[in-house]
Amino acid sequence: MSDNAAALAHFAARLAFETDVSDVAADLAAGVPGVVVVDSRSRESWDQGHIEGAVHLPTAEIAARAPGLVPREAAVVTYCWGPGCNGATRAALEFAKLGYRVKEMIGGFEYWAREGFPVETASGVTRHPVDALTAPVSGIACAC
């Protein structure tokens, strides 16, 4: 395989199995049918804040509980804390083992909150200020 063919295969595969917080937020805002966002963190982490509308399903419980919670035809998006954590990768692997279409949300909850998207807690839904190191503070998409 040539270097170019290898690069094409590599990057196409990444895009097939990864998504970012901006794309997930856009899909949720547009009401794209069949998208199910799964938070694979602990109860304590979930309670601290999570993506509004996400399903709480810790990785260790996916095999037993996913079939009853997540429709088989869903486009599953997993997330965990952030780029320093491979919990979303482990959760995505569990969904793949069950035959689901699944993507990992790169950046995780950390970048979701840092980019100013809605965060839900028991107190309600809030937004953190946009971190200028992660997204344009104007709210205009980075268009990447």
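Notes on the structure in this doc start here. The shown structure was predicted, so the numbers you read here are calculated from the model rather than taken from an experiment.

Thresholds, definitions, all that
- Residues numbered from 1 in each chain as written.
- Predicted model: local features only at pLDDT ≥ 70, side-chain atom pairs only at ≥ 80, totals over all residues.
- Heavy atoms only, no water.
- Core = buried A, V, L, I, M, F, W, Y, C linked by side-chain atoms within 4.5 Å.
- Buried < 20%, exposed > 50% of the residue type's maximum accessible area, 1.4 Å probe, protein only.
- Helix = DSSP H or I, 4+ residues; strand = E, 2+ residues; numbered from the N terminus.
- Contact = heavy atoms within 4.5 Å.
- Pairing = 2+ DSSP bridges.
- Axes fitted to C-alpha atoms, helices over the stretch in contact; angles between N-to-C directions.

This brings us to the nonpolar core. Ranked by size, the top nonpolar core spans 15 residues in total, and within it Val-24, Val-37, Ile-51, Ala-54, Tyr-79, Met-105 and Trp-112 carry the most contacts. Elements represented by at least two residues in this core include exactly helix H2 (21–30), strand S5 (75–79) and helix H6 (108–114). Setting aside chain neighbours within four positions, we find Trp-112 in contact with Val-21, Val-24, Ala-25, Leu-28, Ile-51, Met-105, Phe-117, Pro-118 and Val-119. Listed in part, the 13 residues of the second largest apolar core include Val-36, Val-70, Val-76 and Ala-92.

Sheets are built from strands that pair by backbone hydrogen bonding, the pairs being arranged parallel or antiparallel. Taken in spatial order, the 3 strands make up an open sheet running S3-S7-S8, and their pairing is antiparallel. Every other strand in the sheet has two partners, leaving strand S3 (50–51) and strand S8 (124–126) as the edge strands with one partner each. Two elements, S3 and strand S7 (residues 119–121), share 2 bridges in a ladder whose sense is antiparallel. Directly across from Ile-51, in S7, lies its bridge partner Val-119.

Read across the open sheet, the 5 strands follow the order S1-S6-S5-S2-S4; overall the sheet is parallel. The strands lining the two open edges of the sheet, one partner per strand, are strand S1 (18–20) and strand S4 (55–56). As judged from the 5 bridges shared by strand S2 (residues 35–39) and S5, these two strands associate in the parallel manner. The residue bridging Val-35 from the neighbouring strand is Ala-75, located in S5. Taken strand by strand, helix H5 (residues 87–97) contacts S2, S5 and strand S6 (101–106), and its axis lies near 150° from that of S5.

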